Amino acid sequence: ECRYDSHFGVLVCTLNFCVCPAPQTVNIHNRKDPRNLALNNQPSSWSFQLDGVLHHVSQEEVYARVGRRAVLGALEGYNGTVMCFGQTGAGKTYTMTGSTESYKQRGIIPRALQEVFQQVEKRCEYTFSVHLSYLEIYNETLVDLLSSPRGSSDPPARGMVVMEEPGRGVFIRGLTLHPVHSEGEALNLLFEGEMNRIIGAHALNKNSSRSHCIFTVHIESRSRTLSDAKYVTSKLNLVDLAGSERLGKTGSAGQGLKEAMYINKSLSFLEQAILALADRRRDHVPFRQTKLTYALKDALGGNCNTVLVANIYGEAAQIEETLSTLRFGSRMKRVQTHPTVNEHIDPAQIKKLEKEVQMLKEELSIYHGLAVRPSNVYEPLSDAQVAEIQSQVRRYLNGTSKEISIISIRQLQEVFAQFKLATNSSVVLSFSRQGKKQGAGSPVTVMPVASASRPKQVRIQTPEREQEAQEPDIQSQDTQESPPPSKELCCFPPSAPPPKAEAFEAFKVGQGGELNHILKENKAVLLERHARLRQLTEEVNTAKRKIDRTTAAIERYKDKRARQGIAKGEPVLGEPEISLVPHLRELKAQYRQRYEALRSTTAEVNYCQHLVDQCRVRLLNEFESWYKETFRVPEEVLNVPKPEDPVQPGIGEDQELFERLQCERLGDSPRAISFYNARQRTQKRVGVSFSKHSSTLASFQCLFRAIRRPENDPGLPVYLLPGRYHTIQQNN
Ligand SMILES: Nc1ncnc2c1ncn2[C@@H]1O[C@H](COP(=O)(O)OP(=O)(O)OP(=O)(O)O)[C@@H](O)[C@H]1O
């Protein structure tokens, strides 16, 4: 069980700290310059008490001390927020996302996703639905990092608004929520969002986040055992704030300067809101001054477990910023939050349950009515009754009767038994009609036992036992209770069942025919989409090469003109360049259009692959049950077909083999597979390796370098370009 403090947890995360601090205290001592003899009454020592100091600790420990409680709370219905705050370059993104290059150095978000899905697997008494969203606040604009189609030149969807509703709290209208069912899917989305983040370089950090980012895991859980009218929801916000920066130190200019001003302004509003929250006498908290504080309103002063990580530098040169971060942390510790479980009642479910109760009451009253005829209802069925049920089932199956009258559970069980026998006998008959040899050459026949009293037992006999089978079943005539079917009679000896490969072939044309047909159709569609994908890839690459050639031609003209010198009054672009510009525009439009088609075909391929996989697994599972049922093979001789069995049909075995090898390679840490798979998929899409933000401009540049290879070098096909086309155009 989780217990939550109602005040903020504030931990400090140190980077380059040289003095080892006490477990919960950060002591800072500023050595006075002995050469400066002027009288200086400024304090030179400070001490800050926080909830913990994370100094020289692994990412795993950071997650355990900062993130785990919030994640476990979220699974129980408490909102949770983990937020990194601090000076630019102090390690906020490293703490929150970590390195995408190394599984060991992954940060709080990937670890939280892993924990969520591990817990979902463990807590089988609940059903969970998990959705993800990724919000960026850039220069006071809300951006959905997971909504803009990749490769589209359109700016991401705008018009999102921070809203507040009673009972729902604060939410972002227009922000897309993506359902996820596994850690792998969630990591794919995380990496995709990371690729869309805006970053820039300055003196203190070459990959500086220029925006605030809120990655949210929305969880809904319902009990499987208790009433499903009640359910709990929670939001887990994982916040990577942009770093505060002194413009003098970072040397930001132009766009970077504008971004820094927005960042500093929103962080100062955040501090104001915290000051107001920490002061009990204040009854107004200015949450709405900026989108950041409004979006985090619940996390800051409402229904939420919140942990702040204050990231600090340990260098003397950064002492002012370090002090300011620690002061902010100390203030934050005084803020009270009120975490409660977000429990909801589903009115539609209540109606449904009321209906169910009504039906059950009616059913019960029927049982009460029937209870006055006890001998008929509760005694084992007589032969005559069994024969009557058998005949009713037969009439029902051949269509001469539309209903079977049932007045007791025993009758109901007998009806089901009759159906089962009817189904089994037809399946086995159809199988043996195909003339397949069974086991060690003994033909299998299916014989209904010639017993008046228990004609329902279908027995599968070897020839030696045929005679015996035709004799009346004396024992069953004598007793009312049906004896358990003798093992010898109704099971094959372990060696007798037909080989699975043969049985599977028969199953595919018989019982599993429809499913097999669907599988074949799905595979055909998949192959067709693969072919289209290859063609589109070729077209996209051709379009890109043409763009590169035209751009290069324009550049050459420009250079030439620059070398010749432009006379005053002469236009900057010459005639040839002017004619090439609309051509280039047209090529880019073509490129985008092909690219869009490529993107949607990729999605279709993934989807079709998923269908094929699902279908294949279903076919094998159904075959397995059918085989077990039909031949009554004892469990110990069952040789369950594995995905790697030769009967496994399908496409993409190479990929599966590759993934298996990868599993083996990662044997010591099997959970790493989802992480590397998601990374591999994202890398595959962009065609390059990516570091920290995955989406850094460096990645774009690498990508473009990959695209701009010489024409005679076939290279790798370029499948996808990341998020913001305008960024790409800048580089172009
Ligand atoms: N604990 C750490 N161990 C190793 N490297 C670290 C650690 N913390 C940060 N770094 C490295 O320091 C650099 C800056 O870190 P990071 O980008 O996370 O800072 P930030 O606070 O997010 O900066 P900004 O606010 O500018 O985005 C990165 O190269 C990162 O990998």
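These numbers come from a predicted model, not from an experiment.

1. Comments concerning the overall build of the protein
A count of helical and extended segments in the protein gives 23 helices and 18 strands. Within the protein, the fraction of its 732 residues that count as buried is 47%. In the protein, once contacts between residues fewer than 6 apart in sequence are set aside, the share between residues at least 24 apart is 73%.

2. Description of a nonpolar patch on the surface
A contiguous nonpolar surface patch, about 350 Å² in accessible area, is contributed by Ile406, Ile409, Leu412 and Phe416. Of the residues examined, Ile406 reaches a relative accessible area of 37% and is grouped as partly exposed.

3. Concerning the packing of helix α3 (residues 108-122) against helix α4 (residues 183-196)
Angle between the axes and distance between the axes: these two values describe a pair of packed helices. Their axes nearest at 9 Å, the elements α3 and α4 cross at an angle of 155 degrees. Comparing their axes, α4 and α3 come out roughly antiparallel. Our pair here, α3 against α4, has a crossing hand that is right-handed. Residues Ile109, Pro110, Leu113, Gln114 and Phe117 of α3 touch α4, and the partners they reach there are Glu183, Ala186, Leu187 and Leu190. For the contact of α3 with α4, the per-class residue count stands at seven nonpolar, one polar and one charged.

4. What to know about the nonpolar core
Formed by 41 residues in total, the largest nonpolar core has its most connected members in Leu113, Phe215 and Leu238. For this core, the element with the most residues is helix α1 (residues 59-76), which contributes eight residues. Non-local contacts of Leu238, meaning those with residues more than four positions away in its chain, are made with Val82, Met96, Ile108, Ile109, Ala112, Cys213, Ile214 and Phe215.

5. A look at helix α19 (residues 575-631)
The terminal C-alpha atoms of α19, which comprises 57 residues, lie 83 Å apart, in line with the 84 Å expected from a rise of 1.5 Å per residue. Phi turns positive, to about 45 degrees, at Arg632, one or two residues after α19.

6. Quick look at the pairing of strand β15 (residues 305-313)
With nine of nine residues buried, β15 lies mostly within the body of the structure. Here β15 shows a buried face lined by Asn305, Val307, Val309, Asn311 and Tyr313 and a second buried face lined by Thr306, Leu308, Ala310 and Ile312.

7. As for the UniProt feature "binding site: ATP" (unreviewed entry) in the protein
Sequence positions flagged by UniProt for "binding site: ATP" (unreviewed entry) are, in local numbering, Gly86, Gln87, Thr88, Gly89, Ala90, Gly91, Lys92 and Thr93. Take Gly89: it is sitting in the loop between β5 (80-86) and α2 (92-96). With respect to the secondary-structure elements, Gly91 resides in the loop between β5 and α2.

8. Side note on the packing of aromatic side chains
For the structure on display, the rule yields ten aromatic pairs. Where Tyr126 meets Phe128, the ring centres are 6.2 Å apart and the plane angle is 55 degrees; that geometry is what we call tilted. For Tyr126, a relative accessible area of 32% gives the class partly exposed. Arranged with centres 5.0 Å apart and planes meeting at 90 degrees, the rings of Tyr134 and Phe215 form a pair that is edge-to-face. Linking Tyr134 in strand β6 (residues 126-138) with Phe215 in strand β13 (residues 212-223), this pair joins segments that are 81 residues apart in sequence. This pair shows no difference in class: Tyr134 is buried, exactly as Phe215 is. Every member of this aromatic cluster is reached through a ring pair, and the members are Phe504, Phe507, Phe623, Trp626 and Tyr627. Note that Arg222 overlies the ring of Tyr231, its terminal NZ or CZ placed 4.2 Å from the centroid.

So, how was this worked out
Residues numbered from 1 in each chain as written. Predicted model: local features only at pLDDT ≥ 70, side-chain atom pairs only at ≥ 80, totals over all residues. Heavy atoms only, no water. Helix = DSSP H or I, 4+ residues; strand = E, 2+ residues; numbered from the N terminus. Buried < 20%, exposed > 50% of the residue type's maximum accessible area, 1.4 Å probe, protein only. Contact = heavy atoms within 4.5 Å. Patch = residues over 30% accessible without salt bridge, like charges linked within 9 Å, V, L, I, M, F, W, Y side chains within 5 Å. Areas by Shrake-Rupley, 256 points an atom, 1.4 Å probe, with all protein chains shown as cover. Salt bridge = Lys/Arg side-chain N within 4 Å of Asp/Glu carboxyl O. Axes fitted to C-alpha atoms, helices over the stretch in contact; angles between N-to-C directions. Parallel < 35°, antiparallel > 145°, perpendicular 65-115°, else oblique. Left-handed = near helix turned anticlockwise from the far one by under 90°. Nonpolar A, V, L, I, M, F, W, Y, C, P; charged D, E, K, R; others polar. Core = buried A, V, L, I, M, F, W, Y, C linked by side-chain atoms within 4.5 Å. Expected span 1.5 Å × (residues − 1). UniProt positions renumbered as here; feature names shortened; annotations may be inferred. Phe/Tyr/Trp six-rings, centres within 6.5 Å; stacked < 30°, edge-to-face > 60°. Lys NZ or Arg CZ within 6 Å of the ring centre and 35° of its normal.

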